[in-house]
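Each chain, letter by letter, is given below.
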Amino acid sequence: MLVDAIRAEGFRLSKNRTALFWSLAFVPIISVAIGALTNFVLKGSETKILGDEKMPPELKAALGRGTLDMGEALVTAAGNLANPLVLLFVLIGAATIYAGDYRWETWRLISARNSRVNLLLAKLGVVAALALAAMAFMLVAGVIENLIKAAVFERTLTFSLTGETLGQFFGFLGLSWLRILQFAMMGMLAAVVTRSLLAALFVPLVLGIAQFFSPQMLLPMGVLPDAWLSVLVNPGAATDAIQAAIAGDPRAAALPDGILLKAWVSIGLWTLAPLAGALAWFRRQDLSKE
């Protein structure tokens, strides 16, 4: 029965071209366009940038004529798959899935054919697939951006992936997927409680902004950024800490002791608590008038 519900939700989403465009295609298209424009602008200012001693060395390195490792570029792109733009636009599709039956008053037509838990879990399953598809689109966009960069700056392409970098790639993929699901989970709870598509879209955004600024608000109270409270209320910072540990760069060595345990607990709570709340609320919700 759960499989049937997932198929039904997937079919309905496949017919919603507007939600699919904004959730899957818009951000990759914009990323490629901005990346291409940036490369052409840098190419046009290459002489000025290389001759200016005040320019950052990273910027000068980007203008180099060396090789461009596409394997390394893929790992870098994988680490940026859960950026704010991706979270925002995947949330459009997620909110449509979670709140669509309230908006179109179709719960009463399908709730009698399957259990309520299965109906809600099916929506979660389709959102998980949507997040994976959005990540795949972003990876393709990252490859295209680097191909354009190689063409503009006449750089030679290579491809290499060691066991370590391959592990980082899949670690970044899994963590980005979890972060997108965690962010969208707040939309599920908002949709079930409010029966509103707008609430499913804006409540996670407001909470996300509040979480981003929470360290600055807690610091005057004497709560350090690596304290349990700071990490628990900010799953975004928890994700950054885990990502630094996966990357193994100097940021990983600078991580405070015990931060990874706090980070995993934070992400787990912000993922499972909204899911449990949505399921509990939905099971006792009156849908007779839907």
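The coordinates are above.
(A) Fine view of the overall build of the protein. Within the protein, the regular secondary structure consists of 14 helices and two strands. Projected onto its principal axes, the C-alpha positions of the protein cover 70 × 50 × 35 Å. Looking at the 290 residues of the protein, the share that counts as buried comes to 43%. Here the analysis covers contacts within the protein between residues at least 6 apart in sequence; of these, 81% occur between residues at least 24 apart.

(B) Structural context of the pattern of salt bridges. Here the structure, examined in full by the defined rule, presents four salt bridges. Its salt-bridge partner being Arg 12, residue Glu 9 comes within 2.6 Å of it at the nearest N-O pair. One end of the pair, Glu 9, and the other, Arg 12, are both in helix α1 (residues 2-14), three residues apart, so they sit about a helical turn from each other. Glu 9 gets classed as buried once you look at its relative accessible area, which sits at 8%. Accessibility expressed as a relative area gives 33% for Arg 12, which makes it partly exposed. With a shortest N-O distance of 2.7 Å, Lys 123 and Asp 101 are connected by a salt bridge. In this pair, Lys 123 is assigned in helix α8 (residues 116-152) and Asp 101 in helix α6 (residues 84-103), connecting sequence segments 22 residues apart. Classification of Lys 123 by relative accessible area gives buried; the value is 1%.

(C) Fine view of α1. Taking 1.5 Å per residue as the helical rise, α1 with its 13 residues ought to reach 18 Å, and the 18 Å between its terminal C-alpha atoms agrees with that figure. Along α1, the residues classified as buried are Ala 5, Glu 9 and Leu 13. Down the axis of α1, the buried set is contained in an arc of 70°. They therefore lie on one face. Projecting away from the buried face of α1 at angles above 90 degrees are the exposed residues Val 3, Arg 7 and Phe 11. Packing partners of the buried residues in α1 comprise α2 (17-44), α6 and α8.

(D) Highlighting the packing of α1 against α8. Across the interface, α1 lies against α8 with an axial gap of 8 Å and an inter-helix angle of 50°. In terms of orientation, α1 lies oblique with respect to α8. Where α1 crosses over α8, the handedness of that crossing is right-handed. Residues Leu 2, Ala 5, Ile 6, Glu 9, Gly 10, Arg 12 and Leu 13 of α1 lie in contact with α8, whose contacting residues are Asn 118, Leu 121, Ala 122, Lys 123, Val 126 and Leu 130. Here the contact of α1 with α8 is composed, by residue class, of eight nonpolar, two polar and three charged.

(E) Unusual backbone geometry, seen in detail. At Glu 105, a position not held by glycine, the phi torsion is positive, near 55°. Position of Glu 105 relative to the elements: it lies in the loop between α6 and α7 (107-110). With a phi angle near 60°, Arg 195 is a residue other than glycine that sits in the positive phi range.

Conventions adopted
Residues numbered from 1 in each chain as written. Predicted model: local features only at pLDDT ≥ 70, side-chain atom pairs only at ≥ 80, totals over all residues. Heavy atoms only, no water. Helix = DSSP H or I, 4+ residues; strand = E, 2+ residues; numbered from the N terminus. Buried < 20%, exposed > 50% of the residue type's maximum accessible area, 1.4 Å probe, protein only. Contact = heavy atoms within 4.5 Å. Salt bridge = Lys/Arg side-chain N within 4 Å of Asp/Glu carboxyl O. Expected span 1.5 Å × (residues − 1). Arc of directions from axis to C-beta. Axes fitted to C-alpha atoms, helices over the stretch in contact; angles between N-to-C directions. Parallel < 35°, antiparallel > 145°, perpendicular 65-115°, else oblique. Left-handed = near helix turned anticlockwise from the far one by under 90°. Nonpolar A, V, L, I, M, F, W, Y, C, P; charged D, E, K, R; others polar.

Scope: geometric values only; no functional claims are made or implied.
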